[in-house]
Each structure stands twice: as C-alpha cells, then as structure tokens.
Amino acid sequence: MTGKQIIVLRLGHRPERDKRITTHVGLTARAFGAEGLLLASDDRAIADNIESVARRWGGNFYVKNNVNWKKEIQSWKNNGGKVCHLSMYGLNLSDVESDIKNWHKIMIIVGAEKVPPEVYDMADLNVAVGNQPHSEVAAISVTMDRISDYDPLKQEFGDAELSIVPTSRGKKVIDNTNSDNINNN
Ligand SMILES: C[S@@+](CC[C@H](N)C(=O)[O-])C[C@H]1O[C@@H](n2cnc3c(N)ncnc32)[C@H](O)[C@@H]1O
C-alpha cells in the first residue's frame, strides 16, 4: 500500500450490541487503506474475526484489542501523528479536506455511544461528513476516499488467499492457494 499512514480508533464499542457495525468499521478501514484498527473495548472475538477476513483477502491489516484510547491518542501525537475525530458536530469535511490531505500520519476516531468530551479537545480536527447524523462506517469511507493520495478503490492487497476478478455479471473469485481453482458461482 502507498500513501499516508492511517489508523482508525473505534471508541465505545459495546460487545452486546455493536458487533456487526464494529466489524464493518474494521473491514471498511482496511478496504480503504488503513493499516490497522485500535479497539477501545475488550472484544477479542471481533478482533479475531476482522483479522481472519483480512488474512484471507490479503494485506497486513491488524486489530489491537482493548486499547487505552487516551494513551493511544497521546502517543500517536507524540510521534508526529495527527488526529481527525469524526463527529457530525465538527467542521464540514468539504471545508477542511485540503488541510487533512497535507497530513501524512493520521488517526481517524469514530464513536458508537456518546464520545467523551476530552476526545474533542485532543483531536487536531473534529470533522463532520456533512452535519447530519448517519453512520461511522459511512463517515470513515467518505473521509478516506476524500483524503487519499491514490484511488483507494483500486488498491492491491498482497498475499491474498482470495481475490475477485471484476465482472459485469455473476461472481468470479480466485482461490490463490490453488492455481486450478476459479469459483464462478
Ligand atoms: C451513530 S453515531 C452516535 C453518536 C453519539 N450519539 C454522539 O452524540 O456522540 C456514531 C459515530 O458515527 C460517526 N458519525 C455519525 N454521523 C457523522 C457525521 N455526520 N459526520 C462524521 N461522523 C459521523 C461519529 O464518529 C459518531 O461517533
């Protein structure tokens, strides 16, 4: 992967109700070019599930389970990283995307339940993907598409067990672990 170093920090994941959306946060972050997901809750099963999908579809995406969000933000900033907190209350992405494009090492933060006020203070920018409520998954994908140095829809994932041959109808999936195996179902 080329371009910026991006990680996503997921706050407020509730294992009993956010499994699906947090999985989608992780998979979307990976698909659009993040190197990893920091999960500020303890849910090893979710972390394993995202990493297992990531392994099969290639690349080196990782999930760090049960992180201390404050320490992660502080250490990211101490190491020269910038922090973009996605919130519908923030500055409109269309007005700040050119600033973010100049950043090279970016932590994108998304919430689930109410985000602690300290996060708003620690962030370099609080950014709204439009000032209407919607979803953390949509917010990540639009942001990453807007700030990327390349087309994130066209990136390659190395050492994939499975890869897709784009096709106008049906499904073509190659099992790279078996050279004879193209699944046309
Ligand atoms: C479903 S929302 C819940 C937010 C929560 N009720 C609050 O007031 O903090 C979950 C997350 O989606 C993201 N999100 C939702 N709408 C957004 C928007 N318009 N722009 C940026 N991020 C958004 C934010 O990261 C938010 O923390």
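Calculation notes
- Residues numbered from 1 in each chain as written.
- Predicted model: local features only at pLDDT ≥ 70, side-chain atom pairs only at ≥ 80, totals over all residues.
- Heavy atoms only, no water.
- Pairing = 2+ DSSP bridges.
- Helix = DSSP H or I, 4+ residues; strand = E, 2+ residues; numbered from the N terminus.
- Right-handed = clockwise from strand over helix to strand, strands pointing away.
- Polar contact = N/O pair within 3.5 Å; in protein donor to acceptor, adjacent residues only side chain to side chain.
- Contact = heavy atoms within 4.5 Å.
- Buried < 20%, exposed > 50% of the residue type's maximum accessible area, 1.4 Å probe, protein only.

Caption draft 1: Inspection of the pairing of strand 4 (residues 82-92) at higher detail. As defined by bridge partners, strand 4 adjoins strand 5 (residues 105-110) across 4 bridges and the pair is classed as parallel. Each bridged residue has a counterpart across the sheet, and for H85 the counterpart in strand 5 is I109. Between the parallel pair strand 4 and strand 5, the chain is carried across by helix 4 (residues 93-101), and the sense of this crossover is right-handed. Summarising the sheet, strand 4 and strand 6 (residues 125-128) pair through 5 bridges and their orientation is parallel. In the strand pairing of strand 6, C84 is matched with L125.

Caption draft 2: Seen up close, the side chain of D43. Secondary-structure assignment places D43 in the loop between strand 2 (36-39) and helix 2 (44-57). There is a polar contact of 3.1 Å between the side chain of D43 and the side chain of K19. Setting aside residues up to four positions removed in sequence, D43 forms contacts with H13, P15, K19 and N65.

Caption draft 3: Broad picture of the pairing of strand 2. Here strand 2 shows a buried face lined by G36 and L38 and a second buried face lined by L37 and L39. Regarding the hand of the β-α-β motif, the stretch spanning strand 1 (residues 5-10), helix 1 (residues 19-31) and strand 2 is right-handed. Pairing analysis gives 3 bridges linking strand 2 to strand 3 (residues 62-64), with the strands arranged parallel. Bridge assignment links G36 to a residue of strand 3, and that residue is Y62. On the question of chirality, the crossover connecting strand 2 to the parallel strand 3 by way of helix 2 is right-handed.

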